[in-house]
Amino acid sequence: MGESMSPHLPFCNKSLVNDTVLKYLGRKCWKIHSLDISYCHLVTEDGLAHLIQRCAVLEKLKLASLMISREGLEKIFSGPLELSSTQDQTDGYNQDVTTNSDNNSSMFSRIRSSTINLLQLKMLSLPVLARLDTKPQTATQTLKDNHPKMQSPRVHRQLVELNLTCCRSIDDSALNVISTACPSLQTIYLGGCPFTSPSGISMLLTQCKNIRDLFIPGHVIADEGLELILEACPLLETLSLCRVSGLTQRGFNMIGDKCRALLKLYLTATGVTNDSLKHLADQLSSSLEVLELAACSSINMEGVSYLLSSLTKLKRIDLAHCTVGNIFKSVAVLDTVEVLDLSNAFVANLNGIRDCTSLKVVYFIGSRLSAKDIEQSGYTGLSILR
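In this text, all values refer to a predicted model and were calculated from it rather than measured experimentally. Residue indices follow the written sequence of each chain, beginning from 1 at its first position. Residues qualify for local features only when their pLDDT is at least 70, as the model is predicted, and side-chain atom pairs are given and counted only at 80 or more; totals for whole chains, interfaces and linings, by contrast, use all residues. Side-chain measures here rest on the full set of heavy atoms in the structure, leaving out hydrogens and waters.

Undergrad: Would you mind going over the overall build of the protein in detail, with residue names and values included?
TA: Under the scheme used here, helices are H or I runs from DSSP no shorter than 4 residues and strands are E runs no shorter than 2 residues, and both carry numbers assigned from the N terminus. From N to C terminus, the protein includes 12 helices and 15 strands. Think of it in three bands: residues with accessible area under 20% of the maximum for their type are buried, residues over 50% are exposed, and the middle band is partly exposed, with areas taken using a 1.4 Å probe on protein chains only. Looking at the protein as a whole, 51% of its 386 residues qualify as buried. Pairs of residues are marked as contacts when any of their non-hydrogen atoms sit within 4.5 Å. A separation of at least 24 residues holds for 72% of the contacts in the protein among residues at least 6 apart in sequence. Accessible area for the protein stands at about 16900 Å²; split by element, carbon and sulfur atoms hold 48% of it. Note on areas: Shrake-Rupley, 1.4 Å probe, and residue coverage restricted to the protein chains presented here.

What follows is the structure, encoded as structure tokens:
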């Protein structure tokens, strides 16, 4: 496989991934750029440290739902690891593989007998190799050391994306470790991290000045907390506040006031109101491209119409579980939208949809519209999913 290829292994069985597997991959796959170890609950911080410290060009790291503490992050991002001679390392790994279970043998045989050149592998997902059709091999085969003798830097300047979704042990002190070890971060996922606070997130954003995509769904954040976060990173391009509670109209208005470069905004299941939508539309009229408002019970067609008529670059909007009535009544409000999600939304009819020439896909999953209503819409250039 050529150096330009970026293969993604379709792993699906998380129960086979443990520290021994990570140690093997650390020796064989040190060129990977993207690594996904999400939901592999047999992996420990020691195994992660062993692998990540050897991935000198790692750019994206997904650790969703793993139990990682501040001490664990320090271990993972500290380096270099003390290494013995090449022969000693090889013997040690042979012993690890030999003494482990048949599951490990199966895993290693799948890795070694796959058609992928491990030294050129750039993207690796480790919720696991069970889908690979391979011939069985013995677990005692000699593992040659193809890893160069190099040291992993203490500062991981190459890491640009970190996913810590549902890592419930992550707190503000852990964010402090990340801000020191990963100064080049551009994307951070912190949903389901209940012990992180607005002040901790603000500190992270202040230190990692390149962050453009922030995902903090499910947090409890007051207006003052959101203000701390937004002031620390005014150049945000993506902001996810799905299911965030504690915000008032002042907080939602602040998004438009402080993040004028915002391209994607996710507000699913929040308390955003029509007045806040109008304010956001005025402030983000020439930038916002993607907006999710699913299950926002405080909005209706008044706010949505104003929003759609003001956002001149909007490409996708999610109004699932909302009351939108006849959203197609005024064609002008949909002259840029390409994807419209009206799943489980109350839609009165499809009058006017045939004139919305920019629309490419509309989701009507769970809607009350009948097949006859959709057929009579007369818009043959549209993909309608229901």
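Undergrad: So what's going on with the pattern of salt bridges? Which residues, and what values?
TA: Where charged atoms from two side chains of opposite charge come close, those side chains can pair. Between Lys or Arg on one side and Asp or Glu on the other, a salt bridge is scored when a side-chain nitrogen of the former is within 4 Å of a carboxyl oxygen of the latter. Following the criterion strictly, the structure yields seven salt bridges and no others. A salt bridge links K75 to D46; the nearest nitrogen and oxygen atoms lie 2.7 Å apart. With K75 in helix α3 (residues 70-77) and D46 in helix α2 (residues 45-52), this pair connects stretches of sequence that are 29 residues apart. Owing to a relative accessible area of 47%, D46 belongs among the partly exposed residues under this scheme. Close ionic contact of E224 with R250 constitutes a salt bridge, the shortest N to O distance being 3.9 Å. Residue E224 is located in helix α8 (residues 223-232), and its partner R250 is located in helix α9 (residues 249-258); the two are separated by 26 residues in the primary sequence. For R250, a relative accessible area of 43% gives the class partly exposed. Linked by salt bridges that have partners in common, R70, E71 and E74 make up one network.

Undergrad: Describe the confidence of the model for the protein, with residues and values.
TA: Parts of the prediction with low pLDDT should not have their coordinates interpreted in detail. pLDDT gives the predictor's per-residue confidence on a scale running from 0 to 100. When pLDDT is averaged along the protein, the result is 78; 70% of the residues meet or exceed 70. Confidence drops under a pLDDT of 50 for residues 81-100, and excluding neighbours within four residues, the segment shows 32 contacts in the predicted structure. The model gives residues 128-153 a pLDDT under 50, and that stretch makes 75 contacts with residues more than four places away or in other chains.

Undergrad: Describe the packing of aromatic side chains, and please don't skip the residues or the numbers.
TA: Two rings from Phe, Tyr or Trp (for Trp, the six-membered ring) form a pair when their centres are within 6.5 Å of each other. A pair whose planes differ by under 30 degrees is stacked, one over 60 is edge-to-face, and the rest are tilted. Here the structure, examined in full by the defined rule, presents two aromatic pairs. Here the aromatic residues Y189, F215 and Y266 are joined through ring pairs into a cluster of three or more.

Undergrad: Can you explain the packing of helix α7 (residues 198-207) against α8? Please cite residues and give values.
TA: For the pair α7 and α8, the least separation of the axes is 8 Å and the interaxial angle reads 5 degrees. Regarding the angle of α7 to α8, the classification is roughly parallel. From α7, P198, S199, I201, S202, L205 and T206 reach across to α8, where they touch G225, L228, I229 and A232. Across the contact of α7 with α8, the residue classes tally to six nonpolar, four polar and no charged. Angles here are taken between N-to-C directions and fall from 0 to 180 degrees, while the axes themselves are lines fitted to C-alpha atoms, restricted in helices to the stretch in contact. Angle categories are assigned with fixed cut-offs, so that under 35 degrees is roughly parallel, over 145 is roughly antiparallel, 65 to 115 is roughly perpendicular, and the rest are oblique. Three classes are used: nonpolar for Ala, Val, Leu, Ile, Met, Phe, Trp, Tyr, Cys and Pro, charged for Asp, Glu, Lys and Arg, and polar for all others, with Gly counted as polar.

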